[in-house]
Amino acid sequence: MRADRERVTRALKIARGQIDGVLRMIDDDRYCVEIANQLLATEAILRKVNQEILQAHIRGCVAEALCTREPQPKLEEALSLLEKMASR
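Positions within a chain are numbered from 1, following the residues in the order the chain's sequence is written. Confidence filtering applies because this is a predicted model: local features only for residues at pLDDT of at least 70, side-chain atom pairs given and counted only at 80 or more, and all residues used for totals across whole chains, interfaces and linings. By convention in this description, side-chain values take in all heavy atoms of the structure and omit both hydrogens and water.

Peer 1: Explain the overall build of the protein chain here, please?
Peer 2: Each helix and strand in the protein chain was counted, giving three helices and zero strands. A run of DSSP states H or I qualifies as a helix once it reaches four residues; a run of E qualifies as a strand once it reaches two. Both are numbered from the N-terminal end. For the protein chain, the N- to C-terminal ordering of α and β elements is α-α-α. Atoms counted for the radius of gyration: C-alpha only. Globule rule: 2.2 Å times the number of residues to the power 0.38. Taken against the 2.2 N^0.38 rule, which gives 12 Å for 88 residues, the C-alpha radius of gyration of the protein chain at 17 Å runs more than 25% over that of a compact globule. When its C-alpha atoms are laid out on the principal axes, the protein chain stretches across 60 × 30 × 15 Å. Here, two residues are considered to be in contact whenever any of their heavy atoms come within 4.5 Å of each other. Within the protein chain, residue pairs in contact and separated by at least 24 positions form 57% of the contacts whose partners lie at least 6 positions apart. Note that accessible areas follow from Shrake-Rupley with a 1.4 Å probe, and for residues the cover is restricted to the protein chains shown. When the accessible surface of the protein chain is split by element, carbon and sulfur atoms take 55% of a total near 6900 Å². Charge counting treats Lys and Arg as positive and Asp and Glu as negative, with His and both chain ends excluded. Charge placement uses NZ in Lys and CZ in Arg. For Asp and Glu, CG and CD serve respectively. Here the protein chain carries 15 positive and 14 negative side-chain charges, and the mean point of each set is 6 Å from the other.

Peer 1: Help me understand helix H2 (residues 32–66), please; the structure alone is not making it clear to me.
Peer 2: A turn of α-helix holds 3.6 residues, and therefore any two residues three or four places apart point the same way. Expected span of a helix: the number of residues minus one, times 1.5 Å. Taking 1.5 Å as the rise per residue, H2 with 35 residues should run 51 Å; its terminal C-alpha atoms sit 48 Å apart, in good agreement. What is called the bend at a residue is the angle between a pair of axes, fitted to the seven residues leading up to and ending at it and to the seven starting from it. The axis of H2 is deflected most strongly, by about 35°, at Ile 58. When accessible area is computed with a 1.4 Å probe and restricted to protein chains, residues below 20% of their type maximum are described as buried, those above 50% as exposed, and intermediate ones as partly exposed. Of all the residues in H2, the buried ones are Ile 35, Thr 42, Val 49, Glu 52, Leu 54, Ala 56, His 57, Gly 60, Val 62 and Ala 65. Turning to H2, the residues buried within the fold contact helix H1 (5–27) and helix H3 (72–86).

Peer 1: Explain the layout of surface pockets to me, please; I cannot follow it from the model alone.
Peer 2: Cavities and pockets are found on a 1 Å grid laid over the protein atoms alone: a cavity is a set of points where a 1.4 Å probe fits but cannot escape, a pocket is an open set with protein on both sides within 12 Å along at least five of seven lines, and a lining residue has an atom within 4 Å of such a point. Grid points are joined across faces, edges and corners, and a volume is the space filled by probe spheres set on the points. A volume near 220 Å³ is recorded for the largest pocket. Around the largest pocket, the lining residues are Glu 43, Leu 46, Arg 47, Asn 50, Leu 81, Lys 84, Met 85 and Arg 88. Tallying contributions element by element places H2 first for the lining of the largest pocket, with four residues. Following the grouping adopted for this structure description, the nonpolar residues are Ala, Val, Leu, Ile, Met, Phe, Trp, Tyr, Cys and Pro, the charged ones are Asp, Glu, Lys and Arg, and the polar ones are all others, Gly among them. Taken together, the residues of the lining of the largest pocket break down into three nonpolar, one polar and four charged.

Peer 1: Would you take a moment to explain the side chain of Thr 42 for this structure?
Peer 2: With respect to the helices and strands, the residue Thr 42 is situated in helix H2. Not counting chain neighbours up to four residues away, the residues in contact with Thr 42 comprise Ala 15, Gln 18 and Ile 19.

Peer 1: Would you mind showing me how to read the pattern of salt bridges here?
Peer 2: Pairing is possible between side chains of opposite charge, provided their charged atoms come close. One speaks of a salt bridge when a side-chain nitrogen belonging to Lys or Arg is within 4 Å of a carboxyl oxygen belonging to Asp or Glu. Under the counting rule described, the total for this entry stands at six salt bridges. Of the charged contacts in the structure, one is a salt bridge between Glu 52 and Arg 7, with a shortest N-O distance of 3.0 Å. In this pair, Glu 52 sits in helix H2 while Arg 7 sits in helix H1, placing the two residues 45 residues apart along the sequence. Given a relative accessible area of 17%, Glu 52 falls into the buried group. Salt-bridge contacts for Glu 34 lead to Arg 30; the nearest nitrogen and oxygen are separated by 2.8 Å. Among the charged side chains, a salt-bridge network with shared partners connects Asp 4, Arg 7 and Glu 52.

Peer 1: Could you clarify how one ought to interpret a nonpolar patch on the surface in this entry?
Peer 2: Together, Ile 19, Leu 23 and Ile 26 make up an exposed nonpolar region whose accessible area comes to about 270 Å². One can find Ile 26 in helix H1. Like-charged residues are merged into a patch within 9 Å and nonpolar side chains (Val, Leu, Ile, Met, Phe, Trp, Tyr) within 5 Å, provided each residue has over 30% relative accessible area and no salt bridge.

Given below as structure tokens:
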């Protein structure tokens, strides 16, 4: 992985903590809107991390592949992932 491991790991640990918090909120029978807001915050972190990883992949792996004779597989992988992200 070419993305900043430390930053990605830190963000994922925050998201994990938020999910643990949401589980506690459910156990405590907290207000639905509060739970939904925490889930939205967690989704935002995961989207940002995924975007950072994909950008690093394009800047590194795909860019390198474009310098070789067979760039298509890496490019197609990135395009497929972008398509999945856009359909969400």
